[in-house]
Amino acid sequence: MSATATTTDDGRRTLSPPGRRRATVIERRVHGSYVVLRVADPEGQPARPGQFAMLAAAERWGGGDGERPFLPRAFSVARIPAPGEAEFLLEDVGPGTERLCELEAGDALWLLGPLGIGFGLEAGGRRPLLAGGGVGIAPLAILQDELAASGAADLAPALLGFRDAPHAEGAALLRHGARVATDDGSVGHHGRVTELLVEELDRDERAQVYACGPPAMLEAVRALCAERDVPVQLALESGMACGYGACFGCVVPTKSGYVRLCVDGPVLDGEQLETALVPGAGH
Amino acid sequence: MPAIGTGAGIDATPSLPTTFCGIELAHPIVNGSGTFDAIAARRAFGDALVEQFPFSAFVSKTVTVAPREGNPPPRLWELPGGLINSIGLPNKGLDGYLTHDLPELARLPVPLIVNVMGFTREEVARLVDAFAEREEVSALELNVSCPNVETGLIMGADPGETAKLVERVRPLTAKPIIVKLTPNATDPGAVAEAAEAAGADALSLINTIRGMALDPRTREPWLGAGTGGVSGATVRAIALAQVQEVARRVSLPLVAMGGVQRGRDADDLLRAGATLVAVGTESFRDPLAGRRVAAELAELRREGSNPGADAPAST
Ligand SMILES: Cc1cc2nc3c(=O)[nH]c(=O)nc-3n(C[C@H](O)[C@H](O)[C@H](O)COP(=O)(O)O)c2cc1C
Ligand code: FES
């Protein structure tokens, strides 16, 4: 980790080198339904929590007979395990993630990042409350690491929602405490993560909520926070072709019109949004 | 297909001096309009982007008279070897461009080409007029892939419409006028001839090819706008054929594009008769793709033409 990382946007953006670079998988771990790739990226600068990278396998990607996948895929940086490294949380849901999930230690991948604007850590005296769902827990892990490192006293456990027990194994990514809810009740609270959030807010509403997850969950969190006047920052997802503002493909509707999620997000303030239900997300 | 090389290691700007409509360029690789936003890229990459600027000239995204929000999302669909987009030409409008974008783009280290589109001939004339005397602007590109709302005809799909448009704007500026042809025409060669006869200085091609995709779950059109334009490797063969055809029928310099990923692809289009080559969709996969293509092209030129280097059947 270089001490000279240049950040902009109030420290929420670490600048990326302008070219994609060849990085190497140094470890592949399976957490139930998820794969964690630990990647050596010596040229990269440490991401801010909430930033992402565009990844593509170096082999069998967008070449040959031109099979999908063709475009790189966006992944939140999940953790910085050591200087010059990054971890990504993957779930095999389509041709791109399937190919990336196959990668083994020693395999090469193309990486561009860190990209986008991450979470704002200035909470104005409010206690940080992290709520995530599914593969969307990834940026909460690095956020929790950073909050813990900056000495946030009695950090509340992150609230994490999953479909079932194999998915709930993803909770191991969060090193500083988590409370789990599952849809089928096989692990932790039987129900939705928003129910855990209601409990927490009932206990103490002086919170700054940070959330990432599937569109329906994010929308429930946004609405809940809006109703209770609790500030919330949401890391959204949308289909991205480039990740750096070139294609205008990743727009989401906000109160002030469409914004490109890759350059003006992926973290948006709940107040900017009428809804977190983004057309085409989750595909 | 040979592995696509890394952007790393291309330190010096590749040197393949090229003259296009009297503009001196360091190499023949530019960007396709709407596929690179130098202002947004600078936010992501900082000054390093300017130091390693991937193109020898910058073509800005289509500007219209009125601001446009663009099409509703979703706007992208990935294809085997390409994508369909229905972006819908979002832009700040002429006034917004002149106030916010032009001053920033003028600071780029390369000449600026402004791409404009109007829904009537008078709108296009107004846009050309607005840039006619701007010294920051080296050339104008007319995006004619849109309907003339007065006649209902796609301007660039019809030789007569194209001729009338170019005749209308030609007297307004001494700057080079590039007409960007649409491949969605019965005979792009005839449109090219009409543009040449009406006084265009250069032509660019191909724009995206109309296409669509269905949502795998609902079986309804996936793209917010219903249909979109296909680009990327998957259109390369079509681009090559159209460029060769147009090169045969006109003597204007051509800016060729469509699926360029490697120096070899650029070389193919140059051999088919182009003067410049634009990289579009490939920049989405690597922001420095243009620089890499230029370096690979320079390398090919250094090696001399060696058609045996690649197996003929490789894609
Ligand atoms: C996302 C996207 C946006 C585009 N926007 C514009 C535009 O604003 N104006 C224009 O003239 N062409 C536009 N194009 C067309 C490209 O400039 C180019 O003609 C086409 O993509 C073919 O090149 P490629 O296969 O290298 O992408 C766009 C293409 C894409 C993929
Ligand atoms: S992903 Fe291309 S502009 Fe955001």
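On a predicted model such as this, the values are computed, not experimentally measured, just so you know.

## Details of the UniProt feature "active site" (unreviewed entry) in chain B
All names here are of chain B. The feature "active site" (unreviewed entry), as given by UniProt, occupies Cys146 in the numbering adopted here. Relative to the helices and strands, Cys146 resides in the loop between β8 (137-143) and α5 (159-169). Sequence-distant contacts of Cys146, defined by excluding residues within four places in its chain, comprise Met117, Gly118, Phe119, Leu153, Ile154 and Met155.

## Thoughts on the sheet that holds strand β3 (residues 29-31) of chain B
Residue and element names in this part refer to chain B. The 8 strands are arranged β3-β14-β13-β10-β9-β8-β7-β4 in an open sheet whose pairing can be described as parallel. On the outer flanks of this sheet lie β3 and β4 (58-59), each paired with one strand and no other. Set on the sheet, helix α8 (residues 263-271) makes contact with β3, β13 (254-257) and β14 (276-279); between it and β14 the angle comes to about 140°.

## Concerning the interface of chain B and chain A
Across the contact, 49 residues belong to chain B and 44 residues belong to chain A. Carbon and sulfur atoms make up 60% of the area that chain B and chain A hide from each other, which totals about 3,800 Å². The largest contributions to the chain B side of the interface with chain A come from Arg43(B), Glu78(B) and Arg285(B), which together make up 21% of the buried area. Remark: the boundary between chain B and chain A carries 4 salt bridges. For the salt bridge of Arg43(B) with Asp264(A), the shortest nitrogen-to-oxygen distance reads 2.9 Å. Counting the contacts that link chain B with chain A gives 12 residue pairs in polar contact (both at pLDDT 80 or more). Among the elements of the structure, α1 (38-45), α2 (47-51), β5 (76-79), β6 (82-85) and α9 (282-285) of chain B are those that each provide at least two residues to the side of chain B that touches chain A. Per element, the largest residue contribution to the side of chain B that touches chain A is 5 residues, and it comes from α1(B).

## Observations regarding the pairing of strand β10 (residues 202-205) of chain B
Residues and elements named next belong to chain B. Alternating residues of β10 divide into Ala202 and Ser204 and Leu203 and Leu205, and every residue in both groups is buried. Here strand β9 (residues 177-180) runs beside β10; their pairing, made up of 3 bridges, is parallel. In the sheet register, Lys180 faces β10, and the bridge partner there is Ser204. The parallel pair β9 and β10, bridged by helix α6 (residues 188-197), forms a crossover whose chirality is right-handed. Where β10 and β13 come together, 3 bridges link them in parallel fashion. The residue bridging Ser204 from the neighbouring strand is Val255, located in β13.

## Quick look at the UniProt feature "binding site: [2Fe-2S] cluster" (unreviewed entry) in chain A
The sites that carry the UniProt feature "binding site: [2Fe-2S] cluster" (unreviewed entry) are, in the present numbering, Cys242(A), Cys247(A), Cys250(A) and Cys262(A). Of the residues just listed, which span 21 residues, no C-alpha pair is farther apart than 10.1 Å, and they cluster in one region. Tracing the backbone through its elements, the reader meets Cys242(A) in the loop between β14 (232-235) and β15 (251-254). The exposure class of Cys242(A) is buried, given its relative accessible area of 1%. The residues touching Cys242(A), leaving out its near neighbours within four places in the chain, are Met54(A), Leu112(A), Cys247(A) and Phe284(B). Here Cys247(A) is to be found in the loop between β14 and β15. Looking at Cys247(A), the relative accessible area reads 4%, which means it is buried. Leave out the neighbours within four places in its chain, and Cys247(A) touches Ala241(A), Cys242(A), Leu76(B), Ile87(B) and Phe284(B).

Procedures and definitions
- Residues numbered from 1 in each chain as written.
- Chains lettered and ligands numbered in written order.
- Predicted model: local features only at pLDDT ≥ 70, side-chain atom pairs only at ≥ 80, totals over all residues.
- Heavy atoms only, no water.
- UniProt positions renumbered as here; feature names shortened; annotations may be inferred.
- Helix = DSSP H or I, 4+ residues; strand = E, 2+ residues; numbered from the N terminus.
- Contact = heavy atoms within 4.5 Å.
- Pairing = 2+ DSSP bridges.
- Axes fitted to C-alpha atoms, helices over the stretch in contact; angles between N-to-C directions.
- Buried area = accessible area lost by both parts, 1.4 Å probe.
- Salt bridge = Lys/Arg side-chain N within 4 Å of Asp/Glu carboxyl O.
- Polar contact = N/O pair within 3.5 Å; in protein donor to acceptor, adjacent residues only side chain to side chain.
- Buried < 20%, exposed > 50% of the residue type's maximum accessible area, 1.4 Å probe, protein only.
- Right-handed = clockwise from strand over helix to strand, strands pointing away.

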